[in-house]
Structure formats: structure tokens, C-alpha cells
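Tertiary structure, described
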Amino acid sequence: MSVDAAGEEGPSTLSLSSVVKEIQGFKDKFKREDFDSPSPFADLEKAAVLQECRAFSDAKVVTESPRRCSHLITKLLHIVTQGDAMSSSEVTDVFFGVTKLFQSTDASLRRMIYFFIKEVAETCNPDDIIIVTSSLTKDMNSNEDLFRANSIRVLSRMIDATMLGAIERYVKQAIVDKNAMVSSSALVAGLHLSKGSPDVVRRWVGEVQEALHSPSAMVQFHALALLYEIKSHDRLAISKMVTQLARGPISSPCAACLLIRYISSSLAGWRGESTASSVERAAYQYLELSLKDRSEAVIFEAAKALCSMPGADDRDLGPAVASLQLFLSSPKPPLRLAAMRALSRVSTARPAALVKCNDDMEALISDSNRSVATFAITTLLKTGSESSVDRLMKQISSFMTEISDDFKVVVVTAIRELCLKYPPKHQVLIGFLANFLREEGGFEFKSAIVDAIVVLMHAVADTKETSLFHLCEFIEDCEFTALSTQILHLVGSLGPATRAPARYIRFIYNRIILENSAIRAAAVSALAKFAVRVPALRSSIKVLLHSSLRDEDDEVRDRATLALRFLGGDLSSCMQRPDHESNLRSPTEEVSESCAVADAPHSTLSVDMLFKPLPLSFVELAGALRQYEKVHGADNEDAILSYSTLPIADAVASTKRVEVPSRSGLKPESNCTAFYKIPEIATLGPILRSTASAPLTESETEYVVSYVKHILEHHLVLEFSVMNTIQDQVLQDAHVVLDSPSDVYQITTILRASSISCGETGTCWVALQRSGTIPDSVGIQFEAQLKFSVVEVDAASGELLGDEDGFQEEYPLEDVELNIDDFIEMV
């Protein structure tokens, strides 16, 4: 081969495509090899491994074969993690064997010993733990820094408050040790020990503050975390600590990020206090200074804290927004994602502050990271002007096909908010939603679009008829029964009031012909609503309803029969059959024939009973009817039965007698319905009596609380209804804490309300077990206190403004009283 020929062949041989194919071939080869190779621990048997571990007693094996011992410990750990529990005698033998391994000075083996002890000690008998405690204590005083650091970590996970006094002096010395690994291990041990022995750990505050000045970034981080844990019970001490450290030398980026988070969470707790202004000024200066830090993590944390700072205006947000804007053009995807997420939160409350970032965010719509692109789209929808809506919709159209349904739901929510912001653009936005309603997608995505269109129908009156028509077209090819029934109900409620109600009859009747029984039943009810409210269509609709009298589903037949009865339809003519089929009538047909009435329509009251909700629940109605039969008798034909003549049963009385102001929004359910839906308390037994709802706060307070007492045979269950009336707060983990001077009742269960937004009512429960007799159980007063976490949100959009975890709050309530009449059933 000539030189020219070789030169021509070289580039083709080393082309990019050939290199990629070669790399892909190696990748597939190694993947197949990894897949075919069996696990070395696949067929381990516990008895065989324990037999091998007897080699730990051989000093020669321990000193000369540390790798073999490490491999045996690995097998033991595999057995333990697979759930194959060891008996007490086996655990004792293993711990004795592991103590023999301390004879070896091999660093790798020693680390495996520490790891094994830490993992297994938490599930072992405390008596067995003492076996290795002395060996760990010896390592804690050794000259090897590796042994000292790891032994302190392991001991902190094993010992309790009674044993802590023996090693406290060594741990305090280790906190100020010159070796960063030893000092950091001691600080981490303090974090673990503070949960069980907080009083002992609080005595280490001097050493911890000294460790804050360590040149090691890791030591500073752990020292700050432990110092905050020590002072977390004292708000004034926290404010002083934050103020001092904001001026002090925190050189560790991790410690600086942690301090910024502490500042952010503390500012929400200090809001409204007398010392808040001075602390806020110092905190703001530190956060603004942190925006110039060399670490990108510190800059981001400071910008995020400034954006969530309570009471900040657009001028205060300027430096933080500018820093986040620089991250938008970063080549690092995590930085772009973090910046877009922070800006998205700001856009909810202050969209005007982000207008200068619109050009940078538009460039991110085509970002390769779909999460970044989604945040960019949703933020632009909040910050964009009315003139930019058409351009954004064109960009989103191509973008929507490339993202998952979870991101699509976020975009749909943003489009709904944009339409509420700019109602004149409703045609473009609803048309966009309707187009994607007919595209492929899961239930959550389609449900989000339907909910958005329904909200816009009620908010923007001009969209009603267009939106109804889009929804009717959607149910022509909808695979989700729940959405079809929801839309049919909506069409039945709003369709008769439109300018051309007849155009919707075709869509509804197609559902009776083509769909399943649940959708057919909903369609029958929708047709009946049209017949009631549009007299011109009544005769035609009655003909359509007659076809459903022979439906195979009893629910559809019953709805059609009931509708025709109230509309004045002739059921008997429809139910007639030829003579040879007269003896083949079904029981349902006989019932329907017996319900046939004349052609004249029934009264307006009958129609209202069909299409309007009952004034009381079925449980309350059943109780009232039982009381009515006791008073008047079941066969008394002279008695008049109506809602006004029904007696008030106990469940109804609790609703009628207690007047709750409209602001409180407290609408108690039936005394049994909510109770038996909760597994934790439903097994306590049947409810013997439920009392009327009683208030625990004034109706004008920010948190309106009332309670109901459920009396069981051996238990008392208190149902607390909590109403949040503060617009910019969400209550999380709300629960009531009781303090009783008597030992008759013992609290067994406390159930919390996970989240309560403004205007919503949450329910929390407290179950108490009664140990005494009923006379001993009355005349008791429980001191009550409502505890919850407050998370700040934007009042208009509901977006989170502050820390996701919020801050703890307590709210005193009136005493919960237990009286003798609570145990007396009304007759």
C-alpha cells in the first residue's frame, strides 16, 4: 500500500462515527459480562458463615490474614442486611469473636470491625454491646487518629445516658483535637448524643465554640450544626449566635450555607418581636455580603434566602435576582436548575422583579435539561406581558411533546394562572389547552386540563360556551370514566343556560349508546336536567330516555325511570311486550310499571327533590325517620311526613343547635362517618354517643377550633376541627396536646392534620383509654394546646415563600371538659 493510500484510509478509519461504534461495542460487552457474572454472596448460608467466623479466635489468622477476616465480616453484614436474623447465642458468639479482631493493627480490617459493630449493635441485646465497649474505649485513647475517630462515632451510636459519663471527658477533648477527622467525629457524636442526653451535651458549648475557629471546613460545619442544636431551645441565644457568626470568620462554604439556612428560618420566627429590626439588619447585611462569596453554593443559598426574606420589596430582591440571573447562563445544569427554581418561586409573589430576566429565561426554553426548560416556561408565563402570550404559546407547542406528564401538569397550571391574569387572551389559551386535551396523555394530565378549563369557565364568563363545546368534543374519545362523568355533570348543570342548548344533546346521547354503565348513568341524569330546564326539548328528551328503560344496568334503568316519572312520561306503554313475552318480565320491570304515572308533569317540588341536594345527610335522615316512626308509628296514614315535621335526631341536633358563624366554616360530618374512615381509631369499637360540637376559641380568632366528644365503651375519642383564617399561612402537622390532672384517662393515639390552607378546615384526633368507672370519668378538665408548623405562602397564588419546614407555633385553647351528660343518650 502506498503512502497516499494509507493517508486516505487513515481519516476514514479514525472517524467520529467509528470511534463511537467502538466505544458502544465495549460498553455492551462489559454490560453483558456484568449481567452474566453471579454475585459472590448469592448462595451464602448463615450456619456456614458462622462456622467460618470461628477463625476469629485464632490469633495467627487475625494477625497474618486480615483480608480473610474482612471478607468474613462482609459475609456477616450481607446476611444481616438480607433479613436473616441471628439468635441471641449467635450474636453473643459473633461479638466475642469480633473482640478478638482488635488484636490486628490492620487499618482496613479495623474499619470493617467498626462498620460491623455500628450496623449490628442497634438490633442487638444491650448486654451483648458491653462486650465490645471496652475495646472501643481503648481505641478512643490510642495514638492512631483513624482508630480514635471511628471508635468515637461507633460509641455514640451504642451507649446510653448512663454510660455517657464515663467517656464524656474523652469526647470533649476530641472536639478540640488538632486532627480534623477526630474533631469532626466527636462533633457528629455530639449530634447523635444530644437526642438522648441533651443536658450532658449542653455542657460542651465552650469546646464547640472553640471548634468553630478551626481551619478545617468540615469541622466548622459540624461545630455550627451542634452549636445550633444545643441552643435551639432558646430563641434569644439563637439570635445572639446568628448575629455574632454573621460578623465572625466562617470560612467553610458548607458552614456558610448552613448559617444562611439558620438565618432564613430564624427570621420568620423573629418577625414581629422587639429585637427583630436589629437582627434583620445584621442578617440582611450578611446575606448581601455572601452574594460576593467565591463559592457558588454560598451565593445561591444567600440569594435564595433573600428572595424568601419576609417583608422584602423589589429593591431588596435586586441583588439576589442579579446573582441568580448570572447562574442562568452557567454551563453547569445543576446551577441553571437551582436558579430557575428559585426565580420561579419569586415570580409567584413578585413577577415584576424578574422582568429583566425574561430574555435569559426565553433562551432556556430549548435547554437540554427538561426540568430547566419547564421552570423557564412556567416562570415566563407568570412574568410575561399580554403582548408576549402568542409568542410563548408557539414556543410551548413544540416543547409540550418532549416532556413527561408531570411537567405538563405544571405548565397547564401556569397557563390557567396566565388566563386569569389576562382574560382577553382566553381564546388563545383555552384553544391551546383544548388541542392538548385531544392529544395522548395520562389521567393526571387530562384531569389538570379539565380542571383548568372548568376554573376558567367560572372566572371568565365569555369562555363558558366555547369551553363546554371543547369538553363535549373531548368525551367523544375519552378513555377515563371519571373525567367523562365529571364533564357530563358539568354539561347538565351549565348547558341548559347557554344560547343553543340543543347542540349538546347529541354529545350526551352518544354516551348512552357507546359508553359503559357509569357514563350511561351520568348521561341519563344530564339529559333529565336539560328536560327540566329547557321545556322546548322536553318531549324529544323523553323519547331518548325511554330507550334507557331497557338498559342492562339497573342504575341506568332506575335513573331513567325516576326521570320519566318526574317529567310525566308514560312508562307503561314502553314496558309493554308481545303476548308471548308477557310472562318473561323481570322484577325491575315490574317495579318500573308500578311507578308509572300519568302524562301530566309533576310539581316543581318533585323536580327539586330530583336535582337538588338533600338538606341533610343520609345518616341524619335515617336517624330522623327512626325517631319519626317511634312517635307516630309506621302505619299512621294521618301523619304528615316532610322535612319540617321530621324530629331532630341526636346527630342532626348537634348540627342544628350549635350556631357556628359563617367565617369559621366548621361543618361537622356525621358523628360516625369520619370516625370509621380512620384505621387507627376505627378498631376501638362502636360509638355509643357523640356530643354536639363545642367551640374552644372565639369565632373572630385567627384559628377557629371546635371539638366533638365520641364516647366508646372503654375509650374517649376527641375530634378537633381546626379552621385557618390567615391568608398567607399554611398550617402543617396540626395536632392538639392535652394535659390532664387525672390518671383515669391515658392518651393512646394522636392523629394530626397534615396541611390546612386558608379557609380550609382540618381534623385532628386524640384517643384516650379509660381505666376507671364512669363516675370517676366525669368532671375532668383537660388543658388543651394547639401545636403546628407555620409555612408562609403567597396569598394570591398559594406558592411557598418561606422555608418548606416552616417554624413551630403553639396556640392556647379553652379547657376540654368532660361532664356527666356526655354519657347520657338522648331518648
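Residues numbered from 1 in each chain as written. Predicted model: local features only at pLDDT ≥ 70, side-chain atom pairs only at ≥ 80, totals over all residues. Heavy atoms only, no water.

It is worth spelling out the overall build of the protein at this point. The helix and strand inventory of the protein stands at 38 helices and 11 strands. For the protein, the residues scored as buried account for 46% of the 827 residues in total. For the protein, restricting intrachain contacts to residue pairs at least 6 apart in sequence, the fraction spanning at least 24 positions comes to 65%. With the model as given, the accessible surface of the protein reaches about 42700 Å², and the carbon-plus-sulfur share is 52%. (Helix = DSSP H or I, 4+ residues; strand = E, 2+ residues; numbered from the N terminus. Buried < 20%, exposed > 50% of the residue type's maximum accessible area, 1.4 Å probe, protein only. Contact = heavy atoms within 4.5 Å. Areas by Shrake-Rupley, 256 points an atom, 1.4 Å probe, with all protein chains shown as cover.)

Within a regular strand, the side chains alternate between the two sheet faces. Of the strand pairs in this sheet, strand β5 (residues 729-739) and strand β9 (residues 780-792) are connected by 9 bridges, and their pairing is antiparallel. Its bridge partner being in β9, Leu738 is matched across the sheet by Ala784. The pairing of β5 with strand β7 (residues 753-756) spans 3 bridges and is classified as antiparallel. From the neighbouring strand, Leu731 faces β7, where its bridge partner is Ile756. (Pairing = 2+ DSSP bridges.)

Moving on, we come to unusual backbone geometry. Even without being a glycine, Asp733 presents a positive backbone phi close to 50°. Position of Asp733 relative to the elements: it lies in strand β5. Accessibility expressed as a relative area gives 38% for Asp733, which makes it partly exposed.

A word on the packing of helix α20 (residues 333-349) against helix α22 (residues 370-383). Across the interface, α20 lies against α22 with an axial gap of 9 Å and an inter-helix angle of 25°. Taken together, the axis directions place α20 and α22 in an arrangement best described as roughly parallel. Relative to α22, the crossing made by α20 is left-handed. For the pair α20 and α22, contact is made by Pro333, Arg336, Leu337, Met340, Arg341, Leu343, Ser344, Ser347 and Thr348 and by Ser371, Val372, Phe375, Ala376, Thr378, Thr379, Lys382 and Thr383, respectively. A per-class count over the contact of α20 with α22 returns 7 nonpolar, 7 polar and 3 charged. (Axes fitted to C-alpha atoms, helices over the stretch in contact; angles between N-to-C directions. Parallel < 35°, antiparallel > 145°, perpendicular 65-115°, else oblique. Left-handed = near helix turned anticlockwise from the far one by under 90°. Nonpolar A, V, L, I, M, F, W, Y, C, P; charged D, E, K, R; others polar.)

In this model, the protein carries a mean pLDDT of 78, and residues with pLDDT of at least 70 account for 81%. In this model, residues 1-14 is a region of pLDDT below 50 whose contacts with residues beyond four sequence positions or in other chains number 5 contacts. Scored below 50 in pLDDT, residues 572-603 shows 34 contacts in the model against residues more than four places distant or in partner chains. (pLDDT = per-residue confidence, 0-100.)

The next thing to look at is helix α19 (residues 314-328). A rise of 1.5 Å per residue sets the reference length of α19, with its 15 residues, at 21 Å; its end C-alpha atoms lie 20 Å apart and thus fit the reference within 8%. Within α19, burial applies to Leu317, Ala320, Val321, Ser323, Leu324, Gln325, Phe327 and Leu328. As for α19, its buried residues are in contact with α18 (296-307), α20 and α21 (358-363). (Expected span 1.5 Å × (residues − 1).)

With 186 residues, the main nonpolar core has Ile117, Val208, Leu324, Leu381 and Leu433 as its most contacted residues. With 10 residues, helix α30 (residues 517-533) is the single largest residue contributor to this core. Residues within four places of Leu381 in sequence aside, it is in contact with Leu392, Met393, Ile396, Val411, Ala414, Ile415 and Leu418. (Core = buried A, V, L, I, M, F, W, Y, C linked by side-chain atoms within 4.5 Å.)

Where α22 contacts helix α24 (residues 405-421), the axes come no closer than 8 Å and their chain directions differ by 10°. In this view, α22 runs roughly parallel relative to α24, as classed from their interaxial angle. On α24, the residues that touch Arg370, Ser371, Thr374, Ile377, Thr378, Leu381 and Lys382 of α22 are Phe407, Val410, Val411, Ala414, Ile415, Leu418 and Lys421. The residue makeup of the contact of α22 with α24, split by class, is 8 nonpolar, 3 polar and 3 charged.

At Ile167, helix α10 (residues 161-175) shows its maximal bend, which comes to roughly 60°. Within α10, burial applies to Leu164, Ile167, Glu168, Val171, Ala174 and Ile175. (Bend = angle between axes of the 7 residues up to and from the residue.)

The next thing to look at is the packing of aromatic side chains. A ring pair, where both rings are aromatic, is described by two values, the distance of the centres and the angle of the planes. All chains considered together, the criterion is met by 8 aromatic pairs. Measuring from centroid to centroid gives 6.1 Å for Tyr707 and Phe720, while their planes differ by 25°, and the two rings are stacked. Remark: Phe720 occurs in strand β4 (residues 715-724) and Tyr707 occurs in strand β3 (residues 703-711); sequence separation between them is 13 residues. What makes Tyr707 buried here is its relative accessible area of 6%. On the numbers, 6.0 Å between centres and 65° between planes, the contact of Tyr745 with Phe782 is edge-to-face. Taken together, the residues Tyr745 in strand β6 (residues 745-751) and Phe782 in strand β9 connect sequence positions 37 residues apart. Classification of Phe782 by relative accessible area gives buried; the value is 1%. Taken together, the aromatic side chains of Tyr703, Phe788 and Tyr811 make up a single cluster linked through ring pairs. (Phe/Tyr/Trp six-rings, centres within 6.5 Å; stacked < 30°, edge-to-face > 60°.)

Take the side chain of Ser252 next. In this fold, Ser252 is placed in the loop between α15 (235-247) and α16 (253-270). Judged by relative accessible area, which is 1%, Ser252 ranks as buried. Those residues in contact with Ser252, other than ones at most four positions away along the chain, are Ala217 and Gln220.

Moving on: the environment of Met163. As for its placement among the helices and strands, Met163 is situated in helix α10. Taking the C-alpha atoms as reference points, Met163 and Thr133, 30 residues apart in sequence, are found 9.9 Å from one another.

Along β4, 10 of the 10 residues are buried, which leaves the element largely enclosed by surrounding structure. Every second residue of β4 is oriented toward a common face, with His715, Val717, Glu719, Ser721 and Met723 on one face and Leu716, Leu718, Phe720, Val722 and Asn724 on the other, all of them buried. With 9 bridges connecting them, β3 and β4 associate as antiparallel partners. For Ser706, the partnering residue across the bridge sits in β4 and is Ser721. Here β3 hands over to β4 after 3 residues, the two strands then running antiparallel side by side. Judged from the 9 bridges that link them, β4 and strand β8 (residues 761-770) form a sheet pairing that is antiparallel.

This paragraph deals with the environment of Val182. With respect to the helices and strands, Val182 occurs in helix α11 (residues 180-196). Classification of Val182 by relative accessible area gives buried; the value is 0%. A sequence separation of 30 residues divides Val182 from Ile152, and the C-alpha atoms of the two residues are 8.3 Å apart. With residues up to four places along the chain from it excluded, the contact list for Val182 reads Asp145, Arg148, Ala149, Ala174 and Asp177.

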